[in-house]
Amino acid sequence: MKFELRQTFFLESARFLPHLPSSHPCSMMHGHSFKVSLIYWGTKDPLIGWVKDYHEVSENLKSLKTLLDHKVLNQISGLENPTSENLAYYIFESTKKWLPELAQVIVAETELTECRYPHIPAPV
Ligand SMILES: [Zn+2]
């Protein structure tokens, strides 16, 4: 019996998108309160009754949050072009190393827009 868990955190970060024309507002330095969700799947531990300890995941996220929170994302190696797509990919690749159950990262840069990586096809 598999379960899907979602764990969310926020990042306050600045960025500009260097490949856009200067007429585009996102070419200028600006900030976002990114809402980042980790989706991970697994089976319950038969004794404890949970898939994963949220607290343990939160503790393991501290170094990534320190790296990204209240920073200019463009200055981070691998995020020189910090679109939401590239940020979702970066977080997925960094987190998958210690959270093998990770299935998807969702990065919402506003209430109205979000990016998911990787794409999980809808069941048929
Ligand atoms: Zn932006």
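A. Main features of the overall build of the protein chain. Each helix and strand in the protein chain was counted, giving three helices and four strands. Order of helices (α) and strands (β) in the protein chain, N terminus to C terminus: β-β-α-α-α-β-β. Viewed in the frame of its principal axes, the protein chain has a C-alpha envelope of about 55 × 35 × 25 Å. A total of 124 residues make up the protein chain; the buried ones form 37% of that total. Relative to all contacts within the protein chain whose residues are 6 or more apart in sequence, the contacts with residues 24 or more apart total 61%. Counting every atom, the protein chain has about 7,700 Å² of accessible surface; 58% of that belongs to carbon and sulfur. Within the protein chain, one finds 12 positive and 14 negative side-chain charges whose respective centroids are separated by 3 Å.

B. A look at the nonpolar core. The biggest cluster of nonpolar side chains holds 25 residues, and the ones touching the most others in it are V36, L38, L68, L87, I91, V105 and V107. Listed by contribution, the elements that provide at least two residues to this core are β1 (2–15), β2 (30–43), α2 (62–68), α3 (84–96) and β3 (102–108). In terms of residues, this core owes the most to one element, α3, which gives five residues. Once residues within four sequence positions are removed from consideration, L68 is found in contact with L11, E12, S13, L73, I76, L79, L87, Y90 and I91.

C. Representation of the coordination of the zinc ion in the model. Within the first shell, the zinc ion binds the protein through R15 (NH2), H30 (NE2) and H32 (NE2), at distances of 2.0 to 2.6 Å. Counting residues between consecutive donors of the zinc ion along the chain gives the motif R-x14-H-x1-H. Pair noted here: R15 is in strand β1 and H30 is in strand β2, with a separation of 15 residues, a long-range link. Judged by its relative accessible area of 21%, H30 falls in the partly exposed class.

D. Broad picture of the pattern of salt bridges. Throughout the structure, instances matching the rule amount to four salt bridges. A salt bridge links K62 to E59; the shortest N-O distance between them is 3.1 Å. A residue is classified by how much of its surface remains accessible, and E59, at 36% relative accessible area, is partly exposed. The partner of R116 in a salt bridge is E114, with the nearest N and O atoms 2.9 Å apart. A residue is classified by how much of its surface remains accessible, and R116, at 41% relative accessible area, is partly exposed. In this structure E114 comes out as partly exposed when scored by relative accessible area, which is 48%.

E. A look at unusual backbone geometry. The omega angle of the peptide bond from Y117 to P118 is -10°, so this bond is cis rather than trans. Checked against the element boundaries, P118 lands in the segment after β4 (114–117). Positive phi is not limited to glycine here, since H70 has a value of about 55°. Tracing the chain through its elements places H70 in the loop between α2 and α3. Residue classification places H70 among the exposed residues on the basis of a relative accessible area of 61%.

What counts and what doesn't
Each chain carries its own residue numbering, running from 1 in the written order of its sequence. It should be noted that, the model being predicted, local features are given only for residues of pLDDT at least 70 and side-chain atom pairs only at 80 or more, the latter also being counted only at that level, while totals for whole chains, interfaces and linings use all residues. Side-chain measures here rest on the full set of heavy atoms in the structure, leaving out hydrogens and waters. The helix and strand labels rest on DSSP assignments: H or I over at least four residues marks a helix, E over at least two residues marks a strand, and numbering proceeds from the N terminus. The classification of residues rests on relative accessible area computed with a 1.4 Å probe and restricted to protein chains. Under 20% of the type maximum is buried, over 50% is exposed, and intermediate values are partly exposed. Only heavy atoms matter for contacts: two residues are in contact if any of them lie within 4.5 Å across the pair. To be clear on the numbers: accessible area is Shrake-Rupley with a 1.4 Å probe, and residue cover counts the displayed protein chains and nothing else. Lys and Arg are tallied as positive, Asp and Glu as negative. Neither His nor the chain termini are counted. Note on charges: their place is set at NZ of Lys, CZ of Arg, CG of Asp or CD of Glu. In plain words, nonpolar cores are sets of buried Ala, Val, Leu, Ile, Met, Phe, Trp, Tyr and Cys residues tied together by side-chain atoms within 4.5 Å. A 2.8 Å cut-off from the metal defines N, O and S donors, relaxed to 3.2 Å for Na, K and Ca; water is not in the atom list, so some sites may appear incomplete. Salt bridge, as used here: a side-chain nitrogen of Lys or Arg that lies within 4 Å of a carboxyl oxygen of Asp or Glu.

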